[in-house]
Amino acid sequence: MNTQNVNVKTAGEETAGRCGEEQNPVSVAREWVAQATSLKAGVTVTLSDVSRYGDVQVEIRTNGTLNWRAWSFEPDFLFELKRNLQYVQL
């Protein structure tokens, strides 16, 4: 059986800053979701703390149907989040 030791602290830091951006995508996502208060009818935006590395997942739904979902470590996460939030705001 092969095992691998992983430094969780380092892995979490690398994951959070993986996009090569100067801004922390998790902090920016939290701020943008909190500011998205004037949404179209039936739209919900949720931000979940699911990853043990500090990454978050954002979901945008309309009347319960999933429109968009992404993790903060994915490439172009902030660009896509901003674009999708623009679509659902009044």
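Refer to the preceding data block for the structure.
Residues numbered from 1 in each chain as written. Predicted model: local features only at pLDDT ≥ 70, side-chain atom pairs only at ≥ 80, totals over all residues. Heavy atoms only, no water.

It is worth spelling out unusual backbone geometry at this point. Positive phi, close to 50°, is recorded for asparagine 63, a residue that is not glycine. Of note, asparagine 63 is situated in the loop between strand S2 (56–62) and strand S3 (65–71). Residue asparagine 63 is classed as exposed on the basis of its relative accessible area, which comes to 63%. The backbone of aspartate 76 sits at a positive phi, close to 60°, despite the residue not being glycine. If you trace the backbone, aspartate 76 turns up in the loop between S3 and helix H3 (77–88). On the basis of relative accessible area, aspartate 76 is assigned to the exposed category, the value being 51%. (Helix = DSSP H or I, 4+ residues; strand = E, 2+ residues; numbered from the N terminus. Buried < 20%, exposed > 50% of the residue type's maximum accessible area, 1.4 Å probe, protein only.)

Once that is clear, we can look at helix H2 (residues 25–35). Counting along an α-helix, one turn takes 3.6 residues, and residues three or four places apart therefore face a common direction. Looking only at H2, the buried set comprises Pro25, Val26, Val28, Ala29 and Val33. Down the axis, H2 shows its buried residues gathered within 160° of arc, on one side only. Within H2, the exposed residues directed more than 90 degrees away from the buried face are Ala34 and Gln35. (Arc of directions from axis to C-beta.)

As far as function goes, none of this settles anything; it's purely spatial.
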